[in-house]
Amino acid sequence: MSDITGRRWHDMGGDQAGPVPMDQHDFALWEKRVDALMVICSSKGLFTVDGLRRALEDMGEDAFEKHTYYERWVAAVNQNLIEGGVYTLEELGQRMDDIAKRGPTYGEATGG
């Protein structure tokens, strides 16, 4: 979990990682929605920054290698909402099934 310095795997500060890209990129719509979800939920007191950080760190080292920044954040938000009793894992699964039945595209989901 930690090395002899007391650092955990997610503490990468000071490690050699190569140059930091300074160019900007446009965010995908779903990434913007994750960001908005975080702002709305935190402003409603559904979780704290500390809760999000704990969920991110609890994902383990593998998650930081396999998932993108926003994939990790949406998982942390989800974990905090479940832990906070906003919905259950079963309710989330049912809702995901309901949405999947609408069709893979927005046009199919709206009947258009």
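Chemist: What should I look at first to understand the packing of aromatic side chains in this one?
Modeler: The geometry of two aromatic rings is summed up by the distance between their centres and the angle between their planes. According to the stated counting rule, one finds four aromatic pairs in the structure shown. When the ring of Phe-27 is compared with that of Tyr-70, the centres are 5.9 Å apart and the planes differ by 80°; the resulting orientation is edge-to-face. Residue Phe-27 is located in the segment before helix 1 (29-43), and its partner Tyr-70 is located in helix 4 (residues 69-83); the two are separated by 43 residues in the primary sequence. Arranged with centres 5.9 Å apart and planes meeting at 55°, the rings of Tyr-69 and Trp-73 form a pair that is tilted. Here Trp-73 and Tyr-69 lie together in helix 4, a separation of four residues that amounts to about one turn. Take Tyr-69: its relative accessible area is 44%, and that puts it in the partly exposed class. The class of Trp-73 is buried, set by a relative accessible area of 16%. What links up through ring pairs into an aromatic cluster is the set Phe-27, Trp-30, Tyr-69, Tyr-70 and Trp-73.

Scoring rules and cut-offs
- Residues numbered from 1 in each chain as written.
- Predicted model: local features only at pLDDT ≥ 70, side-chain atom pairs only at ≥ 80, totals over all residues.
- Heavy atoms only, no water.
- Phe/Tyr/Trp six-rings, centres within 6.5 Å; stacked < 30°, edge-to-face > 60°.
- Helix = DSSP H or I, 4+ residues; strand = E, 2+ residues; numbered from the N terminus.
- Buried < 20%, exposed > 50% of the residue type's maximum accessible area, 1.4 Å probe, protein only.

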